[in-house]
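# Analysis of the macromolecular model
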Amino acid sequence: GDSVTQMEGPVTLSEEAFLTINCTYTATGYPSLFWYVQYPGEGLQLLLKATKADDKGSNKGFEATYRKETTSFHLEKGSVQVSDSAVYFCALSAQTGANNLFFGTGTRLTVIP
Amino acid sequence: GAVVSQHPSRVICKSGTSVKIECRSLDFQATTMFWYRQFPKQSLMLMATSNEGSKATYEQGVEKDKFLINHASLTLSTLTVTSAHPEDSSFYICSARQYKMNTEAFFGQGTRLTVV
């Protein structure tokens, strides 16, 4: 069945460090891929998405490229800020849209000044 | 973006009692709402999908008599955990999708349920 494997945390980085959170997936067909972020005390928010192979999603300095050959969708940011401290979830959907999302376990990121 | 409010954010209850969790779409109409749960160090797992005015569709392995879902209006869905036991302690989160739009779903803040 469809599933997502996400790098376990927690991850602690200094401000301006480079961030990578690994995500790989298993799915039949051509899923859409998402990164969600949950800031303290808030709900999950869509951070970025990609709907087909080689697409790059980007938002707020974060990027992730849909790699079909490696079944991956790693999240990256060149220079993290304290305000990026949150829990990040990788997810996939077997069709365009957000029905039946399959989530990874979430990775808690803490950025220290 | 659209706002989904989930209440309460934390609840502690005694074993054997029932707990109701509310999920409201504040500024849009949601024909479809989803309920997830997350055990420590595990993924968010879809429990059920509810459509306004009809019965919820439960995922395999989820007891419909234990997790009662009501979606009586386009802005409110409720999840009631009946006769709660310590193994029901978990993080529950809802999401809602806008009416007639095949777009992303918006998530509530989640509810941390602890059954003692």
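Here's what I pulled together on the structure shown here. What you are looking at is a predicted structure, and each value in this text was computed from that prediction instead of being measured.

### Here's the deal with the environment of Gly53(B)
By the secondary structure assignment, Gly53(B) is in the loop between strand E5 (44–51) and strand E6 (57–58). C-alpha of Gly53(B) to C-alpha of His71(B): the two residues are 18 residues apart in sequence and 6.3 Å apart in space.

### So, the state of the cysteines
Residue and element names in this part refer to chain A. One pass over the structure, following the stated rule, counts 2 disulfides over all chains. A sulfur-sulfur separation of 1.9 Å characterises the disulfide bridge that pairs Cys23 with Cys90. Taking the sign of the S-S torsion, -70° for the link of Cys23 and Cys90, the bridge is left-handed. Here the residue Cys23 occupies a position in strand E4 (residues 23–26), and Cys90 occupies one in strand E10 (residues 86–93), the gap between them amounting to 67 residues. The exposure class assigned to Cys90 is buried, which follows from its relative accessible area of 0%.

### Quick look at the environment of Ala17(A)
Locating Ala17(A) in the fold gives a position in the loop between strand E2 (11–14) and strand E3 (19–21). Sequence separation of Ala17(A) and Tyr39(A) is 22 residues, and the distance between their C-alpha atoms is 19 Å.

### A closer look at the packing of aromatic side chains
All told, the structure shown has 11 aromatic pairs over all chains when counted by the stated rule. Summarising the aromatic geometry, the rings of Tyr25(A) and Tyr66(A) are spaced 6.0 Å apart at their centres and angled 80° between planes, so their arrangement reads as edge-to-face. Taken together, the residues Tyr25(A) in strand E4 and Tyr66(A) in the loop between strand E8 (62–65) and strand E9 (75–77) connect sequence positions 41 residues apart. Pair check on accessibility: Tyr25(A) and Tyr66(A) agree, each one buried. Among the aromatic residues, ring-to-ring pairing joins Phe34(A), Tyr36(A), Phe89(A), Phe103(A), Tyr36(B) and Phe107(B) into one connected group.

### Concerning the interface of chain B and chain A
With 19 residues of chain B at the interface, the matching set in chain A holds 17 residues. Of the roughly 1,400 Å² buried where chain B meets chain A, counting both sides, 54% is carbon and sulfur surface. Contact with chain A buries surface across chain B, with Leu44(B), Glu104(B) and Phe107(B) losing the most and accounting together for 34% of the total. Linking chain B with chain A are 0 salt bridges. The tally of links between chain B and chain A comes to 3 residue pairs in polar contact (both at pLDDT 80 or more). Where the side of chain B that touches chain A is concerned, the elements lending two or more residues are strand E4 (30–38), E5, strand E9 (90–98) and strand E10 (105–107) of chain B. In the side of chain B that touches chain A, the residues fall into 8 nonpolar, 8 polar and 3 charged.

### Overview of the pairing of strand E1 (residues 4–7) of chain B
Residues and elements named next belong to chain B. Of the two faces of E1, the one lined by Val4 and Gln6 is fully buried and the one lined by Ser5 and His7 carries no buried residue. Both E1 and strand E3 (residues 19–25) contribute to a ladder of 4 bridges, which runs antiparallel. From the neighbouring strand, Gln6 faces E3, where its bridge partner is Cys23.

Basis of the calculations
Residues numbered from 1 in each chain as written. Chains lettered and ligands numbered in written order. Predicted model: local features only at pLDDT ≥ 70, side-chain atom pairs only at ≥ 80, totals over all residues. Heavy atoms only, no water. Helix = DSSP H or I, 4+ residues; strand = E, 2+ residues; numbered from the N terminus. Disulfide = S-S within 2.5 Å. Buried < 20%, exposed > 50% of the residue type's maximum accessible area, 1.4 Å probe, protein only. Phe/Tyr/Trp six-rings, centres within 6.5 Å; stacked < 30°, edge-to-face > 60°. Contact = heavy atoms within 4.5 Å. Buried area = accessible area lost by both parts, 1.4 Å probe. Salt bridge = Lys/Arg side-chain N within 4 Å of Asp/Glu carboxyl O. Polar contact = N/O pair within 3.5 Å; in protein donor to acceptor, adjacent residues only side chain to side chain. Nonpolar A, V, L, I, M, F, W, Y, C, P; charged D, E, K, R; others polar. Pairing = 2+ DSSP bridges.

Don't take any of this as a statement about function, it's just geometry.
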